[in-house]
Amino acid sequence: MENRTKISISHVSKSFEDKKQVRHQVLDDINIEVKENEFLVLLGAGKSGKSVLLDIITGLDTDYEGKVEFSDGSRSTKDIGIVFQKYALFPWKTVMENVEMNQKFRGMGKQERKEKAEKYLKLVGLSGFENHYPNQISGGMKQRVAIARAFAGESDIMVMDEPFGALDAQTRYQMEEELLKIWEEAKRTVIFVTNNIEEAVYLGDRILLLGGSPSTIAKEYVPDMERPRKYTHPDFLELRNRIAGDFELVL
Ligand SMILES: Nc1ncnc2c1ncn2[C@@H]1O[C@H](COP(=O)(O)OP(=O)(O)OP(=O)(O)O)[C@@H](O)[C@H]1O
């Protein structure tokens, strides 16, 4: 079933009108078939329209040209697990309560909510921190909470918008590794946005390079490397350098 299409994005274009009523096109004719359980990376420089495209995919933005279709019928935003760069945790709620939030929206019973939240907190290495508040834990831990919350919602589609962008390099490597472990254990269809080439090569089953003005899908890469990938492996470096070259060209 690995090759079944999960999300079909066809001919998506998007433009905004500025204060002088001049239209600026951000996305031009984006076509992506996201496969079931695929780890898809959207790679692009700042302002290349990555967040705009994610808003369209998740249904936060409905004003665009083209179509976004899900293989199992229409979906609302709350049926997609979303992780943003900013942790978006509720500061007045504990770690546990934050993780349970999505499930509450999805109408799960109390016991089931608790079990699911505990399971995913354990997976992200936060057992024992259930009763802490966000201001009592580090940035890396906050992002772990956000990831546990998205997974605990049990949506089969996860969308992550530069989730590790605010973390220091060391924490970032650790989080990338952990995210893959969780994904291996609880397979989902993941769309992961980043502007970091190494992160894309480390994570992606497939990498789509977004660029140009307006942005299109400029290139596609399918890393032929086993996981866990090694940053220093010649194949890793070769692909990294190839993408870096293309990245310059589409800026
Ligand atoms: N609501 C809006 N109104 C007008 N222009 C917008 C709006 N949202 C986004 N844009 C424009 O669309 C372009 C792409 O923005 P977007 O945030 O998607 O980029 P990005 O690739 O996610 O960048 P970054 O990596 O910096 O987050 C930008 O030029 C931005 O100014």
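Not measured: the values here are computed from a predicted model. (Residues numbered from 1 in each chain as written. Predicted model: local features only at pLDDT ≥ 70, side-chain atom pairs only at ≥ 80, totals over all residues.)

Enquirer: Would you mind going over the overall build of the protein with me for this structure?
Expert: The secondary structure content of the protein amounts to seven helices and nine strands. Dimensions along the principal axes, computed over C-alpha positions, put the protein at roughly 50 × 45 × 40 Å. Evaluated residue by residue, the protein yields a buried proportion of 35% over its 251 residues. Long-range contacts, defined as pairs at least 24 residues apart, comprise 72% of the intrachain contacts of the protein with a sequence gap of at least 6. (Helix = DSSP H or I, 4+ residues; strand = E, 2+ residues; numbered from the N terminus. Buried ≥ 20, exposed ≤ 12 C-beta atoms within 10 Å, placed from the backbone. Contact = placed C-beta atoms within 7 Å.)

Enquirer: Hey, could you run me through the site of the ligand in this one?
Expert: The environment of the ligand is formed by F16, V26, G44, G46, K47, S48, G49, K50, S51, V52 and N195. If one sorts the elements of the shell around the ligand by residue count, helix α1 (residues 50-58) sits on top with three residues. Here the shell around the ligand is built from residues that sort into three nonpolar, six polar and two charged. (Near = placed C-beta within 6 Å. Nonpolar A, V, L, I, M, F, W, Y, C, P; charged D, E, K, R; others polar.)

Enquirer: How should I be thinking about the domain arrangement of the protein in this particular structure?
Expert: One widely used convention gives an interface's size as the accessible area the parts lose upon coming together. Along its sequence, the protein is carved into domain 1 (1-80 + 157-238 + 245-251) and domain 2 (89-154). The C-alpha centroid of domain 2 is placed 25 Å from the C-alpha centroid of domain 1. Every contact between the two is made by 13 residues of domain 1 and, on the other side, 10 residues of domain 2. Sorting elements by how many residues they give to the side of domain 1 that touches domain 2 places helix α5 (residues 169-185) first, with six residues. (Domains from an automatic or database assignment.)

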